[in-house]
Amino acid sequence: MGVRSWFEGWPVYRQLTGTDPLGRGAAAKSDGSRALTARTDTADSVARSVCPYCAVGCGQRVFVKDGQVSQIEGDPDSPISRGRLCPKGSASKSLVTSPLRQTTVRYRRPYSTQWEGLELDTALDMIADRILAAREQTWEDVDTQGRPLNRTLGISSLGGATLDNEENYLIKKLFTAMGALQIENQARI
């Protein structure tokens with residue numbers, strides 16, 4: 001590279017002689033910065049989601065490249081957060097992509113000190129068996145005066161803040177049909 005081409009490539013020279021006297025545009029760009037692109041530009045697809053942390057329910061855009069999450073940002077179309085995320089929500093990509101994330105069902109038997117892996121179908125069968133057993137053991141047909149109760153106090157539900165209205169509706173219907181009374185949501189508590 002000659003002295004002349006080096007001098008013409010110098011940002012101060014480009015700023016003084018070009019159309020960018022404040023040095024905030026083309027004059028400030030180097031070959032390296034010209035080659036940079038946003039992580040979101042190369043995404044194959046974008047999915048909309050809700051931040052999994054608190055009860056606010058901020059909208060997120062999840063950028064996917066080659067079947068893997070490449071970036072998570074605030075959704076500017078969300079009426080709740082208008083594209084903004086708190087520090088925890090901004091770091092939610094690490095929740096999805098962390099090598100420490102559990103991706104299988106883990107179970108610790110009573111009085112055991114070790115966790116073991118279970119198949120999802122086995123875990124779901126265990127949950128269903130325990131719900132049915134608790135319902136059967138604590139079912140109340142009538143009170144002491146003979147009035148109908150048809151309820152159980154042996155099971156309850158505590159929903160999370162990121163459940164949407166449709167999911168909460170289905171959970172309420174399911175637990176009410178099973179006779180449960182204690183059906184609550186973390187966002188209301």
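About the cut-offs
Residues numbered from 1 in each chain as written. Predicted model: local features only at pLDDT ≥ 70, side-chain atom pairs only at ≥ 80, totals over all residues. Heavy atoms only, no water. Helix = DSSP H or I, 4+ residues; strand = E, 2+ residues; numbered from the N terminus. Rg over C-alpha atoms; globule rule 2.2 N^0.38 Å. Buried < 20%, exposed > 50% of the residue type's maximum accessible area, 1.4 Å probe, protein only. Contact = heavy atoms within 4.5 Å. Areas by Shrake-Rupley, 256 points an atom, 1.4 Å probe, with all protein chains shown as cover. Lys, Arg positive; Asp, Glu negative; His and termini not counted. Charge placed at Lys NZ, Arg CZ, Asp CG, Glu CD. Patch = residues over 30% accessible without salt bridge, like charges linked within 9 Å, V, L, I, M, F, W, Y side chains within 5 Å. Salt bridge = Lys/Arg side-chain N within 4 Å of Asp/Glu carboxyl O. Core = buried A, V, L, I, M, F, W, Y, C linked by side-chain atoms within 4.5 Å. UniProt positions renumbered as here; feature names shortened; annotations may be inferred. Pairing = 2+ DSSP bridges. Expected span 1.5 Å × (residues − 1). Arc of directions from axis to C-beta.

Enquirer: Now, about the overall build of the chain: what can you tell me, with residues and values included?
Expert: Along the chain, the regular secondary structure elements total 7 helices and 8 strands. Expected size for 189 residues packed as a compact globule is a radius of gyration near 16 Å; at 28 Å, the chain overshoots this value by more than 25%. Its C-alpha atoms put the chain at 100 × 40 × 25 Å along the principal axes. Within the span of the chain, comprising 189 residues, buried residues form 19% of the whole. Across the chain, every contact between residues at least 6 apart in sequence was considered, and the portion connecting residues at least 24 apart equals 33%. A total of about 14,300 Å² of accessible surface is found on the chain, and carbon and sulfur atoms cover 55% of it. The averaged location of the 22 negative side-chain charges in the chain is 8 Å from the averaged location of its 24 positive side-chain charges.

Enquirer: Before we move on, can you summarise the side chain of serine 81 with the specific residues and values?
Expert: Within the secondary structure layout, serine 81 lies in the loop between strand 3 (68-74) and helix 4 (87-90). For serine 81, a relative accessible area of 6% corresponds to the buried category. Filtering out sequence-adjacent residues up to four positions away, serine 81 remains in contact with Cys58, Gly59 and Asp75.

Enquirer: So what's going on with a nonpolar patch on the surface? Residues and values would help.
Expert: Taken together, the side chains of Trp10, Val12 and Leu16 define a hydrophobic patch exposed on the protein surface, amounting to about 310 Å² of accessible area. Within the fold, tryptophan 10 resides in the loop between helix 1 (3-8) and helix 2 (11-17).

Enquirer: Outline the nonpolar core, supporting the account with residue identities and numerical values.
Expert: Counting 5 residues, the largest nonpolar core is built from Ala134, Ile155, Phe175, Met178 and Ala180. Apart from residues lying up to four places away in sequence, methionine 178 is in contact with Ile131, Arg135, Trp139, Thr152 and Ile155.

Enquirer: Outline the UniProt feature "domain: 4Fe-4S Mo/W bis-MGD-type" (unreviewed entry) in the chain, supporting the account with residue identities and numerical values.
Expert: Taken from the UniProt record, the annotation "domain: 4Fe-4S Mo/W bis-MGD-type" (unreviewed entry) applies to residues 44-100. Summarising residues 44-100: 18% helix, 35% strand, and an end-to-end C-alpha distance of 26 Å.

Enquirer: Mind laying out the pattern of salt bridges, listing which residues take part and the relevant values?
Expert: Under the definition given, this model contains 7 salt bridges. Arginine 61 is the partner of aspartate 77 in a salt bridge, and the nearest nitrogen-oxygen pair spans 3.0 Å. Here aspartate 77 is found in the loop between strand 3 and helix 4, whereas its partner arginine 61 is found in strand 2 (residues 59-65), with 16 residues between them in sequence. A relative accessible area of 22% means that arginine 61 is categorised as partly exposed. Three or more residues are tied together by salt bridges with common partners; here these are Arg48, Arg61, Asp75 and Asp77.

Enquirer: Which residues make up the pairing of strand 3, and what are the values?
Expert: Within strand 3, 5 of the 7 residues are buried, leaving the element largely enclosed by the surrounding structure. Bridge count between strand 2 and strand 3: 6 bridges; the pairing is antiparallel. Paired with valine 62 across the strands is isoleucine 72, a residue of strand 3. Between strand 2 and strand 3, which pair antiparallel one after the other, the connecting turn spans 2 residues, and aspartate 66 there sits at a positive phi close to 55°.

Enquirer: Requested: an account of helix 6 (residues 120-138), with residues and values cited.
Expert: Between the first and last C-alpha of helix 6 there are 27 Å, a value that for 19 residues agrees with the 27 Å anticipated at 1.5 Å per step. Ala123, Met126 and Ala134 are the residues of helix 6 that are buried. Around the axis of helix 6, the buried residues are gathered within 60° of arc, so they sit on the same side. Away from the buried face of helix 6 by more than 90 degrees, exposed residues Asp121, Asp129, Leu132 and Glu136 are located. For helix 6, the secondary structure elements touched by its buried residues are strand 4 (105-107), strand 5 (116-118) and strand 7 (148-159).

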